[in-house]
Amino acid sequence: MNMTPDLDIKKLRLERMVEEVEDYAILLLDAEGNIENWNKGAERIKGYKASEIIGKNFRTFYMPEDQASGLPQRLLELARQNGKASHEGWRVKKNGEKFWGNILLTAIHDDDGSIIGFTKVTRDLTEKKLTEENLRRSEERYHKMISEIQDYAILLMDLEGKVENWNKGAERIKGYKASEIVGKNFRTFYPQEDLDAKKPERLLERAKREGRAQDEGWRVRKDGSRFWSSVTITALHADDGKVIGFSKVTRDLTELKKAEATLLHMQRLEVRNDELEQITYITSHDLQEPLRNISSFIDIFIEDHGTNLNAEGTEALRFIKEATGRMSQLINGLLDYGRLGRNAQVSEIDVNEIVKDVCADFSTLIKETGAEIEVGPLPVIKGYATEFRLLLQNLIGNAIKFRTPDEKPHIRISAEETDGQYKFCVKDNGIGIEPQYLDRIFLIFQRLHNRQHFAGNGIGLAHCKRIVELHHGKIWAVSEPGKGSTFYFTINTNSL
Amino acid sequence: MRKINGLDFILLVDDDEATNYLNQRVIRKANILTNVHVAHDGKEALDYLTNGGRNNGTGSVPHAGLIFLDINMPGMNGWEFLEAYKQLPDEQTRRIKILMLTTSNNPDEEKRAVNIPEVKGFIHKPLTEEKLEKAINVYVF
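Quick caveat: nothing in here was measured; it's all calculated off a predicted structure.

Here we look at the overall build of chain B
- In terms of helices and strands, chain B carries 6 helices and 7 strands.
- Ordered by position in the sequence, the α and β elements of chain B form the string β-β-α-β-β-α-β-α-α-β-α-β-α.
- Against the globule reference of 14 Å for 141 residues, chain B gives a C-alpha radius of gyration of 14 Å, in line with a compact fold.
- Along the first, second and third principal axes, the C-alpha atoms of chain B reach 40 × 30 × 25 Å.
- Of all 141 residues assigned to chain B, the portion counted as buried reaches 50%.
- By sequence separation, contacts in chain B at least 24 residues apart represent 68% of the contacts at least 6 residues apart.
- A total of about 6800 Å² of accessible surface is found on chain B, and carbon and sulfur atoms cover 50% of it.
- Averaging the locations of the 17 positively and 20 negatively charged side chains of chain B gives two centres separated by 6 Å.

Let's talk about the overall build of chain A
- Check the secondary structure of chain A and you find 16 helices and 16 strands.
- Across its three principal axes, chain A shows a C-alpha extent of roughly 170 × 55 × 35 Å.
- Looking at chain A as a whole, 36% of its 496 residues are labelled buried.
- Contacts in chain A between residues at least 24 apart in sequence constitute 52% of all its contacts with a sequence separation of at least 6.
- Where the 73 positive side-chain charges of chain A centre and where its 79 negative ones centre are 3 Å apart.

Concerning the sheet that holds strand S13 (residues 410-418) of chain A
Residues and elements named next belong to chain A.
- A sheet is described by the order of its strands in space; here 5 strands give the open sequence S11-S13-S14-S16-S15, paired in mixed fashion. Since the sheet does not close on itself, it has two edges, and those belong to strand S11 (372-375) and strand S15 (475-479), each with one partner. Across this sheet, the average inter-strand angle for adjacent strands is 15°, counted without regard to direction.
- Judged from the 7 bridges that link them, S13 and strand S14 (residues 421-427) form a sheet pairing that is antiparallel.

Remarks on the domain arrangement of chain A
- When cut into domains, chain A gives domain 1 (5-129), domain 2 (149-252), domain 3 (258-324) and domain 4 (346-495).
- Relative placement of domain 2 of chain A and domain 4 of chain A: their C-alpha centres are 62 Å apart.

A closer look at the sheet that holds strand S8 (residues 226-237) of chain A
All names here are of chain A.
- The antiparallel open sheet is built from 4 strands, whose spatial order is S6-S9-S8-S7. The sheet is open, and its two borders are formed by strand S6 (152-157) and strand S7 (212-220), each paired with just one other strand. Pairs of neighbouring strands in the sheet enclose a mean axial angle of 25°, with direction left out of account.
- With 9 bridges joining them, S8 and strand S9 (residues 243-252) adopt antiparallel strand pairing. Within S9, the residue paired with Ser 229 across the bridge is Asp 252.
- Relative to the sheet, helix H10 (residues 199-210) contacts S6, S7, S8 and S9, its axis offset from that of S7 by approximately 160°.
- Here helix H11 (residues 254-305) sits on the sheet and contacts S7, S8 and S9; the angle it forms with S8, its principal contact strand, is near 130°.

Section: the pairing of strand S2 (residues 9-13) of chain B
Residues and elements named next belong to chain B.
- Among the 5 residues of S2, 5 are classified as buried, and the element is accordingly described as predominantly covered.
- Here 5 bridges tie S2 to strand S4 (residues 35-39), and the two strands are oriented parallel to one another. Residue pairing in the sheet places Leu 12 in a bridge with Val 38 of S4.
- Inspection of the sheet shows S2 paired to strand S5 (residues 64-69) by 5 bridges, in the parallel sense. Note on S5: the bridge partner recorded for Leu 11 is Ile 67.

Considerations on the pattern of salt bridges
Residues and elements named next belong to chain A.
- All told, the structure shown has 40 salt bridges over all chains when counted by the stated rule.
- A salt bridge links Asp 194 to Lys 199, with the shortest nitrogen-to-oxygen separation between them at 3.8 Å.
- Across the pair Lys 356 and Glu 353 runs a salt bridge, and its minimum N-O distance is 3.6 Å. One end of the pair is Lys 356 and the other is Glu 353, both in helix H13 (residues 351-361) and 3 residues apart, which spans about a single turn.
- By relative accessible area, Lys 356 is classed as exposed at 55%.
- Its relative accessible area of 39% is what places Glu 353 among the partly exposed residues.
- Taken together, the shared-partner salt bridges in this structure form one network comprising Lys 129, Glu 133, Arg 136, Arg 137 and Glu 140.

Rules and cut-offs
- Residues numbered from 1 in each chain as written.
- Chains lettered and ligands numbered in written order.
- Predicted model: local features only at pLDDT ≥ 70, side-chain atom pairs only at ≥ 80, totals over all residues.
- Heavy atoms only, no water.
- Helix = DSSP H or I, 4+ residues; strand = E, 2+ residues; numbered from the N terminus.
- Rg over C-alpha atoms; globule rule 2.2 N^0.38 Å.
- Buried < 20%, exposed > 50% of the residue type's maximum accessible area, 1.4 Å probe, protein only.
- Contact = heavy atoms within 4.5 Å.
- Areas by Shrake-Rupley, 256 points an atom, 1.4 Å probe, with all protein chains shown as cover.
- Lys, Arg positive; Asp, Glu negative; His and termini not counted.
- Charge placed at Lys NZ, Arg CZ, Asp CG, Glu CD.
- Pairing = 2+ DSSP bridges.
- Axes fitted to C-alpha atoms, helices over the stretch in contact; angles between N-to-C directions.
- Domains from an automatic or database assignment.
- Salt bridge = Lys/Arg side-chain N within 4 Å of Asp/Glu carboxyl O.

Written out as structure tokens, the structure reads:
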């Protein structure tokens, strides 16, 4: 061929241009896909030298499964028909490593329009592919993470508040399956009064304006029951700063709310209780004063004018005096009742010692009545010493007081323990109690007997009940008229 | 009538007329010669102690005697009176003894009274001749 040097240079430049490109593998294929030339980029990307690959079919670069499925031939066919074909996929280097190739096959025609070969440009997009893959995996993991979370309902919403996804926590807390709720508006979760007040709309508005909106309140489950929820709605922004949706995280705080409510209730009760104690105290205190005055003036009256009174007048004054005395006792009993356990400290109590002391206090009465008191082994417990002593004093005192006429009182005191819970028993052979009165005996000022037969205010057993309750226990009696009574009470030292 | 050295006056501080009547009677029956004065609240009691003795006829402020003090009174109550009393000059109050005389059987109040050095004793109503004699024997000298 006769060429001018200029043309030679141009041709060379063209050849070299292709040969020297390093970032792209640029190949020439014949009509069957056999490789005719090889550039630096091809060498770099695929690892073959020109001498090793020229004349081989471009199939060589394809994964065995792609070769088996005829992908290279299909791509050539496509380029044949359409002039070009592009594809992305894993390819194999000389050393067997994979790379992610992006290829463009372009058909080359002769002047008649017949295909005489192809150019093939391949880019190595492995880096990009791996980054994408990682991103995809990380996104997948992230979605999975959110969808698996059980303690929080985490969901995405569009601008109108339509639910776009649903996790396990959401299902657990709100009761809907994803299929039942995706696409519905989150207003579904709000009770009617909040809907009327446009609360969901206001929350979205606030999240849009301030980036975030938080709320605590009642929400409605699928089954219509309510739960106390803590909600954070966060606005999601596109790169240009426009809000494109919301995320919503919900916690079910019903249990916490209930605990809080109970606590509040208990605090209120405590305050009320204190008030009542105060009222009891003040009332009793203020009632004592006029009563004592009446009593004192009766004394003065008798002292100064007693000799002028007839029998009836003296009798009348005696009744007034007795009544005021009894009322004073009642008031004191009430006062003591209100004061039981106030400022008391838990300490170790040897119940044996207490019983011994109480019996010593009753020694005169025990001697007079010939009472026999049988004391079983008794424990050392934690409790309120003064109050516990009063408890046993009342029970033992009652056991002697309500004795069967002409019979020696026999009293047995015993105790048993199970897991820090003690059950005490005071058993007598006295007159017993009609079964219908067994509950009433522990109420304050309740008396079963005429004062002429048995003195008393009807306060003792009420005190006992209160003292036992102070020790987190119960008190009850088992009895039959004429067959004696047995009083049981429990003391729970674990909770003191 | 007995005149007791160091008992120039007995001040009864109580808002209840009946109580004051009874207490005055007890003092009268005990046959003691002294100036008995009734104050219905802490303010009146303080007036008696500070107004130059116009009330006791001696021309000087009272400075030797017994005060029976109630706690619950309208206006200046027993506790408040004690606060004000502490401000009086020591040479006046040295020979004055204060005894709480109340209906209260509230241990809290007794505990509180015990912690006030000006309060020498805590007596439960009603005042009787025995309680009065005992108070004089123990505190008046």
